[in-house]
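# Survey of secondary and tertiary structure
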Amino acid sequence: MILPTLRQLQFLVALGETGSFSRAAEACHVTQPTLSAGIKELEDLFGVSLAERESRGATLTHAGEIAVARASALLADAHALVQAVTSAGALFSGPFHLGAIPTIAPFVLPQIVGQLTRRYPDLKLYLTEDRTHRLIDQLRARTLDAAFIALPWEAPGIEVMTLFDDEFLLAAPASHPLSRKNGLSPEDLQGEDVLLLEDGHCLRDHAVSVCRLKAGAGREQVAATSLGTLVNMVAGGLGVSLIPRLAADNGLTLGPDVAVRSFVNPIIGRQVGIAWKSGSPREAEARKLGELVRERLRPDGSAMT
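A few points on the structure. Fair warning: this is a prediction, and the values are worked out from it, not measured in the lab. (Residues numbered from 1 in each chain as written. Predicted model: local features only at pLDDT ≥ 70, side-chain atom pairs only at ≥ 80, totals over all residues. Heavy atoms only, no water.)

This brings us to the packing of helix α5 (residues 105-119) against helix α10 (residues 283-296). Running from amino to carboxyl end, α5 crosses α10 at an angle of 115°, the nearest separation of the two axes being 10 Å. Relative to α10, α5 is oriented so that their crossing is right-handed. Of α10, the residues touching α5 (which contributes Val108, Gln111, Ile112, Gln115, Leu116 and Arg119) are Lys288, Leu289, Leu292, Val293, Glu295 and Arg296. Each residue belonging to the contact of α5 with α10 can be placed in one class, and the counts come to six nonpolar, two polar and four charged. (Axes fitted to C-alpha atoms, helices over the stretch in contact; angles between N-to-C directions. Helix = DSSP H or I, 4+ residues; strand = E, 2+ residues; numbered from the N terminus. Left-handed = near helix turned anticlockwise from the far one by under 90°. Contact = heavy atoms within 4.5 Å. Nonpolar A, V, L, I, M, F, W, Y, C, P; charged D, E, K, R; others polar.)

The following block contains the structure:
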């Protein structure tokens, strides 16, 4: 009897969890033709159709749903086997794949990576920076062991540990009236060109939500791709913006042309958390990472000395 490979089963589980051949391929770090070929090999092996191809994705057949349920259990056992053998019960021994979103990665990872690798010399750490939905897909496909994300974020099958609140600060040109105004409030942003990150960044959604901004307002034609670009746009006088305290206190270059101010009533823009797949054999390590971040960062997001 010819048995399916774990890689083929990983392809199928990723397809079932994402509902998309392209997103499943991204989660498994392969090309879409490679993933499609793996699914076709499984279908030929089982002699049944596992997924119905559609113009906007894929839907599992009844046989596909049964296969995904069994395959998920097999993959979990395989991961647990590898982890148990390679680490022999020790934390952070062998490869560990850690992800983070772009508005967290540059400000949290440098604070912990050196300490982590010194504390656990047998650790082989692999880092991935990507947007939240792609990190979640990779957690589900088990190509990532844990990921730092911004909360709230609902993701079935994913567990999270909240680490700290992250406050929004106003960033304005140094010559702007708001850079000198006392008692700043979200209402002061009304009528201003509020610069945001481009669509797809969860930080943009959080800013629009907590400050009651109109999603279509502001200079959409110059929406930024990163926090660094956003600050440069503010320095150039294109408008004002909201930036997380985590970034302002931990490495984001501001420069003399940008004034950063707190609101009189602190605005909690998001929470920083660490996520992993439910039932993951690396849960203890994910939680340990979260504890390490709490040790290294104060609740306001500033680095400890």
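Per the counting criterion, the structure on display carries two aromatic pairs. Summarising the aromatic geometry, the rings of Phe92 and Phe96 are spaced 5.5 Å apart at their centres and angled 65° between planes, so their arrangement reads as edge-to-face. As far as the burial class goes, Phe92 and Phe96 line up, both buried. Taking the centre distance of 4.8 Å and the plane angle of 55° together, the rings of Phe92 and Tyr120 count as tilted. Here Phe92 is found in the loop between α4 (62-87) and β3 (94-100), whereas its partner Tyr120 is found in the loop between α5 and β4 (123-129), with 28 residues between them in sequence. For the pair Phe92 and Tyr120, a shared accessibility class is recorded, and that class is buried. (Phe/Tyr/Trp six-rings, centres within 6.5 Å; stacked < 30°, edge-to-face > 60°. Buried < 20%, exposed > 50% of the residue type's maximum accessible area, 1.4 Å probe, protein only.)

With 70 residues, the main nonpolar core has Phe148 and Ile274 as its most contacted residues. At nine residues, the largest contribution of residues to this core is made by strand β6 (residues 158-173). Formed by 23 residues, the second largest nonpolar core is a distinct cluster that contains Ala24, Cys28, Leu35 and Ile39. (Core = buried A, V, L, I, M, F, W, Y, C linked by side-chain atoms within 4.5 Å.)

Everything listed is a geometric property; what it means functionally is a separate question.
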